[in-house]
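Okay, here's what each chain looks like letter by letter:
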Amino acid sequence: MQQFALWLAATPPSVFIQEHNAWTIPAIQSIHIVGIALVMGSVLMIDLRILGWAWTDQTLRQTTNRFGPWLSGSLWLLLVTGLLMVIGEPVRELVTFSFWLKMALVAIGTLVAVAFQRTLRRQEQHWEARLVHRRSIKAMAILTFLVWVCVIFLGRLIAYDHVWGSWSPAPRL
Amino acid sequence: MLEWLQQSSVAVQIRDSLYSFPLLESIHVVGLALVFGTIAILDLRLLGLASTNRAVSRILADLLTWTWVAFVVTAATGGLMFITNAVVYFNNTFFRAKMILLVLAGLNMLVFELTARKTMARWDTERSAPPIGKVVATLSLLIWVGVIVAGRVIGFTATRAAAPVDEAAPDVDFEDLLGLPK
């Protein structure tokens, strides 16, 4: 991974971002944060609907129709800006424990969201009438929200990978 | 005053801890994501761009508590980060810009309360808010994006001023640090 990071750092797109890092990095990170906000807003609303704390005059399907596209659109935006950050600062990103744990949790969060959308579409009646009232489903809603909170924490911790002690592969300067 | 804040035992404890500042920053990001995420939902509704099948008052009722709780969390963690290095932050251009933008966001909200909000019963279920409401919503989105950008830039400008990178180590050999075979 270190070798790959060093190779990536020498590629033209990476060199461009590095040479103009005074504005490229803050700009990419700011767009990334806007994307995070849109994800968190959307996830919060869908989860609150499952918990019965908001959007209660709308069906579950109506709520996911409203926020699903924003959620997936924002996740794509995060993927693009995230990739640009990896290209721009490969060693800083790839040689950390935080980054890889974050990627694992992003994968889990995304899979849960996709699976949820699919089963809701296939068994709409069952979801609206029964599943949404189940305790286990409400617990899942809270859990997935916490997964995204952890993703934010880990994203920030990429800059502070030393908090993981010996788990961090980053060189200690 | 700023010096006193910086010397306070809370500030010293945060500075001395390996974990406090990263933790505060992380909570700050979660908080601001929920602030902007929920505000954007309302602004887009006012502009007639999303959730148009729901009354504005219902959306306000669903969101407001969350927005305020998230705002308090974000402000509290922001305040704690500020006192760890108060003098530097206070003199940082982007920190000042961010504070001005936050004041503008508040004033913008006040304009909404004093104008469109008063007549809301009349346009509550309309597709979009009256012109003044749309102006407020557009400004709100722009101001909050500005807050995010300024906030992110503080991290690049203030910390550097606070702890200048040691110029004595310009020829760090990263391959060596990573323990790669030459």
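In every chain, residue numbers begin from 1 and rise along the written sequence. Ligands are numbered from 1 and chains lettered from A, in the order in which they are written. The predicted nature of this model means local features are confined to residues of pLDDT at least 70 and side-chain atom pairs, given and counted, to a pLDDT of 80 or more, with totals for whole chains, interfaces and linings taken over all residues. Heavy atoms from the whole structure form the basis of all side-chain values; hydrogens and water molecules are not counted.

For chain B, the count of helices and strands is nine helices and zero strands. Secondary structure elements are taken from DSSP: a helix is a run of H or I of four residues or more, a strand is a run of E of two residues or more, and numbering for both begins at the N terminus. Along chain B, helices (α) and strands (β) appear in the sequence α-α-α-α-α-α-α-α-α when read from the amino end. Here's how the labels work: a residue is buried when its accessible area is under 20% of the maximum for its type, exposed when over 50%, partly exposed in between, all with a 1.4 Å probe on protein chains only. In chain B, which comprises 182 residues, the share counted as buried stands at 45%. Pairs of residues are marked as contacts when any of their non-hydrogen atoms sit within 4.5 Å. Looking at chain B alone, contacts between residues at least 24 apart form 74% of all its contacts between residues at least 6 apart.

Scanning chain A from N- to C-terminus turns up eight helices and zero strands. Each helix and strand of chain A, placed in order from N terminus to C terminus, yields the pattern α-α-α-α-α-α-α-α. Counting only C-alpha atoms, chain A reaches 55 × 30 × 25 Å along its principal axes. Considering chain A as a whole, with its 173 residues, one finds that 48% of them fall into the buried category. Residue pairs at least 24 apart in sequence account for 74% of intrachain contacts in chain A once pairs closer than 6 positions are excluded. Here the accessible surface of atoms and residues is derived via Shrake-Rupley with a 1.4 Å probe, and residues count as covered only by protein chains that are part of the display. Of the roughly 8,700 Å² of accessible surface on chain A, a fraction of 68% belongs to carbon and sulfur atoms. The charge count includes Lys and Arg as positive and Asp and Glu as negative, but it does not include His or the ends of the chains. Working definition for charges: the position is that of NZ of Lys, CZ of Arg, CG of Asp or CD of Glu. Side-chain charges of chain A comprise 14 positive and 8 negative groups, with the mean position of each set lying 11 Å from the other.

So, about the packing of aromatic side chains. Working definition: an aromatic ring pair is given by the centre-to-centre distance plus the angle between the planes. Two aromatic rings from Phe, Tyr or Trp, using only the six-membered ring of Trp, form a pair when their centres are within 6.5 Å; if the ring planes differ by under 30 degrees the pair is stacked, by over 60 it is edge-to-face, and anything between is tilted. According to the stated counting rule, one finds 11 aromatic pairs over all chains in the structure shown. Aromatic rings pair up to connect F97, W164 and W167 of chain A into one cluster. Two thresholds decide whether a charge sits over a ring: the Lys NZ or Arg CZ must be within 6 Å of the ring centre and within 35 degrees of the ring normal. Across the ring face of W55 of chain A, the terminal group of R54 of chain B is positioned such that the distance to the ring centre comes to 4.2 Å. One Lys or Arg, R96 of chain B, reaches over the ring of F90 of chain B and ends 4.8 Å from the middle of that ring.

Structurally, L44 of chain B can be placed in helix α3 (residues 20-46). Sequence spacing of L44 of chain B and S128 of chain B is 84 residues, and the spatial spacing of their C-alpha atoms is 9.1 Å. The residues touching L44 of chain B, leaving out its near neighbours within four places in the chain, are W70 of chain A together with L49 and A50 of chain B.

All right, on to the interface of chain B and chain A then. A common way to state how big an interface is: give the accessible area lost once the parts meet. Every contact between the two is made by 40 residues of chain B and, on the other side, 38 residues of chain A. Summing both sides of the interface, chain B and chain A together bury roughly 3,500 Å²; the carbon and sulfur share of this comes to 77%. For this analysis, a salt bridge means a side-chain nitrogen from Lys or Arg found within 4 Å of a carboxyl oxygen belonging to Asp or Glu. In this structure, the connection of chain B to chain A is made through three salt bridges. Residues adjacent in sequence count toward polar contacts only when both atoms are side-chain atoms; beyond that, a polar contact is any pair of N or O atoms within 3.5 Å, and within protein one must be able to donate a hydrogen and the other to accept it. The interface formed by chain B and chain A contains eight residue pairs in polar contact (both at pLDDT 80 or more). Two parts placed together each lose some accessible area under a 1.4 Å probe, and the buried area is that loss summed for both.

Patch membership requires more than 30% relative accessible area and the absence of a salt bridge. Residues of like charge join within 9 Å; the nonpolar side chains Val, Leu, Ile, Met, Phe, Trp and Tyr join within 5 Å. There is a patch of nonpolar side chains on the surface, built from I100, V103, L104, L107, L110 and L114 of chain B and spanning about 570 Å² of accessible area. With respect to the secondary-structure elements, L104 of chain B resides in helix α6 (residues 93-114).

Residue and element names in this part refer to chain A. Structurally, the position occupied by S98 is in helix α6 (residues 97-122). According to the relative accessible area criterion, S98 is buried, its value standing at 0%. Side chain to side chain, S98 and W164 meet in a polar contact 2.8 Å long. Look past the residues within four positions of S98 in its chain and what remains in contact with it is L154, L157, I158, D161 and W164.

Since there are 3.6 residues in each turn of an α-helix, residues three or four apart along the chain are aligned in direction. Residue and element names in this part refer to chain B. Under the convention used throughout, the expected extent of a helix is 1.5 Å for every residue step, that is, one less than its residue count. Over its 22 residues, α6 runs 31 Å from end to end, which matches the ideal 32 Å to within 8%, given 1.5 Å per residue. Among all positions in α6, only F95, K98, A105, N108 and F112 are buried. Seen from one end, α6 has its buried residues packed into an arc of 135 degrees, which puts them on one side. Exposed positions of α6 whose direction lies more than 90 degrees from the buried face are T93, I100, V103 and L114. The N-cap of α6, judged by a side-chain oxygen 2.8 Å from the amide nitrogen of F94 a few residues on, is N92. Working note: the arc is built from the helix axis to C-beta atom directions.

For our purposes a nonpolar core is just a set of buried Ala, Val, Leu, Ile, Met, Phe, Trp, Tyr and Cys residues, chained together by side-chain atoms within 4.5 Å. One finds M40, M45 and I50 of chain A together with F36, L46 and W123 of chain B to be the most contacted residues of the largest nonpolar core, which totals 66 residues. Counting residues per element, this core draws most heavily on helix α3 (residues 21-51) of chain A, which supplies 13 residues. Sequence-distant contacts of L46 of chain B, that is, excluding residues within four places in its chain, are made with V56, F112, W123, S128, A129, G133, K134 and A137 of chain B. Judged by nonpolar contacts, the second largest core, of 16 residues, contains L24, I83, A86 and F95 of chain B.

Attention now goes to the confidence of the model for chain B. Residue and element names in this part refer to chain B. In this model, chain B carries an average pLDDT of 90, and 87% of its residues clear a pLDDT of 70 or more. The quantity known as pLDDT measures the predictor's confidence residue by residue, on a range of 0 to 100. Confidence drops under pLDDT 50 across residues 160-170; counting only partners more than four residues distant or on other chains, this segment forms three contacts. Per the prediction output, this complex has pTM 0.90; the corresponding ipTM is 0.94.

Okay, the environment of F4 of chain A next. Mapped onto the elements of the fold, F4 of chain A is located in helix α1 (residues 2-9). For the pair formed by F4 of chain A and L94 of chain A, sequence separation is 90 residues and the distance between their alpha carbons is 9.0 Å.

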